[in-house]
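Each chain is listed here by its residues.
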Amino acid sequence: MEPSEVMSISCSISDDRLIRVIEILESVYGVPEARSVDPLDLLVMTILSQNTSDINSGRAFEQLKSRFRSYTELLDASEKEIADAIRPGGLADIKAARIRGTLERLREDFGSVDLSALKKMSPEEARSYLTSIPGIGPKTASVLMLFGFGMPAMPVDTHVYRVSRRIGLVPENASIAETQRILEEITPPEKYLSLHINLIRHGRLVCRARNPLCGKCEVSGLCRYMQTRHITGASF
Ligand code: SF4
């Protein structure tokens, strides 16, 4: 990418406008609080949540935790036993292999099934390490970094991606990777959690994929989609 392209992508929204968007979303949905969560549990939950609903992945996680007393015990089980425990979450055989492979990799790298070594890593090192594990992509790595370790990382799910582009936090044609990079660049680190969670809430409740409720949207005065759709008929 040419430097000029980087500039045009990075400068898609002013700092003031971004802060205003964050403030409005917080006034509507509240200021999310960071909750303490075991990073290993979070990692396994995130793998289980791939391509299924929260309800199904929650059931699969509960069954997994009641079937195995620890992740070390889980590693002594066969892949079929693991798959049977997570059957309600869908794609059980694939996810069982992914969970087992990930936990085995941690044991090989750190001497035990443990993620605490990440606390000593920089965000760049942590992201690079996590995404080097097969089956862990940028979104899973960012979820773990943000929620498990409080590191400045911005997971980009379908809601964050859609709503960011509509409002104009990033260019309309930004890829998921560009969206993550830009949001991480322009968002104050202490607001990563708030912006991430509230964009998801907004995407589920108001800025829905089909028929966004623009007439009821508190962000409409700052939204690029609102400003351009009457001119171009844009819809994304
Ligand atoms: S005005 Fe419409 S498109 Fe813009 S953020 Fe609100 S609901 Fe989404």
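Residues numbered from 1 in each chain as written. Predicted model: local features only at pLDDT ≥ 70, side-chain atom pairs only at ≥ 80, totals over all residues.

### Remarks on the overall build of the chain
Scanning the chain from N- to C-terminus turns up 13 helices and zero strands. From first element to last, N terminus to C terminus, the chain shows the α and β order α-α-α-α-α-α-α-α-α-α-α-α-α. Taking the principal axes of the C-alpha coordinates as reference, the chain spans close to 60 × 35 × 30 Å. For the chain, the residues scored as buried account for 34% of the 236 residues in total. Taking contacts inside the chain between residues at least 6 apart in sequence as the whole, the part at least 24 apart equals 65%. (Helix = DSSP H or I, 4+ residues; strand = E, 2+ residues; numbered from the N terminus. Buried ≥ 20, exposed ≤ 12 C-beta atoms within 10 Å, placed from the backbone. Contact = placed C-beta atoms within 7 Å.)

### Let's talk about the site of the ligand
Surrounding the ligand, one finds 13 residues, the nearest of these being Cys207, Pro212, Cys214, Cys217 and Cys223. Of all the secondary-structure elements, those providing two or more residues to the shell around the ligand are helix H10 (158-167) and helix H13 (224-232). (Near = placed C-beta within 6 Å.)

### Considering the environment of Val170
Residue position: Val170 is located in the loop between H10 and helix H11 (176-186). Between the C-alpha atom of Val170 and that of Ile182, which follows or precedes it by 12 residues, the distance is 6.8 Å.

### Here's the deal with the domain arrangement of the chain
Considered domain by domain, the chain is made up of domain 1 (3-32 + 155-232) and domain 2 (39-149). With eight residues of domain 1 at the contact, the number on the domain 2 side is five residues. Those elements that provide at least two residues to the side of domain 1 that touches domain 2 are H11 and helix H12 (192-205). With three residues, the top contributor of residues to the side of domain 1 that touches domain 2 is H12. (Domains from an automatic or database assignment.)

### Brief notes about the nonpolar core
In this structure, Val44, Leu48, Ile82, Ile86, Leu144, Met145 and Leu146 are the most contacted members of the largest nonpolar core, which totals 56 residues. Among the elements that line this core, the one with the most residues is helix H9 (residues 138-149), at six residues. Built from parts of two domains, this core gets at least three residues from each of domain 1 (3-32 + 155-232) and domain 2 (39-149). Look past the residues within four positions of Ile86 in its chain and what remains in contact with it is Leu48, Ala60, Gln63, Leu64, Ala92, Lys95 and Ala96. (Core = buried A, V, L, I, M, F, W, Y, C linked by C-beta atoms within 7 Å.)

### So, the packing of helix H2 (residues 15-29) against H12
Packing of H2 against H12 brings their axes to within 10 Å, and their N-to-C directions diverge by 65°. With respect to the hand of their crossing, H2 and H12 are arranged in left-handed fashion. Every residue of H12 that contacts H2 at Ile22, Leu25, Glu26 and Tyr29 is listed here: Ser194, Leu195, Asn198, Arg201 and His202. (Axes fitted to C-alpha atoms, helices over the stretch in contact; angles between N-to-C directions. Left-handed = near helix turned anticlockwise from the far one by under 90°.)

### Thoughts on the packing of helix H8 (residues 123-131) against H9
Running from N to C, H8 and H9 point in directions that differ by 135°, and their axes come no closer than 9 Å. Relative to H9, H8 is oriented oblique. Crossing handedness for the pair H8 and H9: right-handed. Contact residues: H8 offers Pro123, Ala126, Arg127, Leu130 and Thr131, while H9 offers Pro138, Ala141, Leu144 and Met145. The class makeup of the residues in the contact of H8 with H9 is seven nonpolar, one polar and one charged. (Parallel < 35°, antiparallel > 145°, perpendicular 65-115°, else oblique. Nonpolar A, V, L, I, M, F, W, Y, C, P; charged D, E, K, R; others polar.)

### Notes on unusual backbone geometry
Most peptide bonds adopt trans geometry, and most residues besides glycine take a negative phi value. Positioned with a positive phi, Asn51 is a non-glycine residue whose angle comes to about 60°. Along the polypeptide, Asn51 turns up in the loop between helix H3 (39-48) and helix H4 (54-67). Backbone geometry places Leu91, a non-glycine residue, at a positive phi of 45°. With respect to the helices and strands, the residue Leu91 is situated in the loop between helix H6 (79-85) and helix H7 (92-110).

### A few points about the environment of Arg20
Residue position: Arg20 is located in helix H2. Assessed through the 15 C-beta atoms surrounding it within 10 Å, Arg20 is described here as partly exposed. Taking the C-alpha atoms as reference points, Arg20 and Tyr129, separated by 109 residues in sequence, lie 34 Å from one another.

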